[in-house]
Amino acid sequence: QQLDIGRGVTHKVLAVRLFLERKSYTQIQRQMHHSYRAIQRYLEDFVAVALMTTAGQAVGEISFLRQMSPTLVREYQALYDAYNTDTYRERLAEVIAQFRSATPMSEAEKGGPTR
């Protein structure tokens, strides 16, 4: 008999976690069988969620603006919180800086005024 232990971590979150732990694209591709572009997209989404969360935006708003499920938004937020520690803070800042320019965000996504 199997027990329901709930939903596991998505492959997207796992790819971002591995990147935060300084695994290379090649290592992540080999382990997860995902393309370079897919991994990049996961990282861009993660950075957008992190930036929008720190700007004070709600899960529902982030979900709507980024066109992703509220569950994935919360998983990315939990990942950000888990790695926003003394051990990983520098790496987290590197990843955010690297993908911030590659993650175009509207004024609404930045938390700015909308028309």
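Structure first, text after, so check above.
Caption draft 1: Inspection of the environment of Tyr25 at higher detail. Tracing the backbone shows Tyr25 in helix α2 (residues 25–32). Tyr25 sits ten residues away from Ala15 along the chain, and the two C-alpha atoms are 9.2 Å apart. Once you skip the residues sitting within four places of it in the chain, Tyr25 turns out to touch Phe19, Tyr36, Ile39, Gln40, Leu43, Gln98 and Phe99.

Caption draft 2: Unusual backbone geometry, seen in detail. If you check the backbone angles, His33 has positive phi at about 60° while not being a glycine. Structurally, the position occupied by His33 is in the loop between α2 and α3 (36–54). Judged by its relative accessible area of 71%, His33 falls in the exposed class. Phi angles above zero are rare outside glycine, and Gln67 is one such case at about 55°. Among the secondary structure elements, Gln67 is positioned in the loop between α4 (59–66) and α5 (70–83).

Caption draft 3: Representation of helix α6 (residues 89–100) within the structure. The end-to-end C-alpha distance of α6, which contains twelve residues, comes to 16 Å, matching closely the 16 Å that a straight helix rising 1.5 Å per residue would cover. For α6, the complete set of buried residues consists of Arg91, Leu92, Val95, Ile96 and Phe99. Mapping the buried residues of α6 onto a view down its axis gives an arc of 135°, with all of them on the same face. Opposite its buried face, α6 presents the exposed residues Glu90 and Ala97, each directed more than 90 degrees away. On its buried face, α6 is in contact with α1 (11–20), α2, α3 and α5.

Definitions and limits used
Residues numbered from 1 in each chain as written. Predicted model: local features only at pLDDT ≥ 70, side-chain atom pairs only at ≥ 80, totals over all residues. Heavy atoms only, no water. Helix = DSSP H or I, 4+ residues; strand = E, 2+ residues; numbered from the N terminus. Contact = heavy atoms within 4.5 Å. Buried < 20%, exposed > 50% of the residue type's maximum accessible area, 1.4 Å probe, protein only. Expected span 1.5 Å × (residues − 1). Arc of directions from axis to C-beta.

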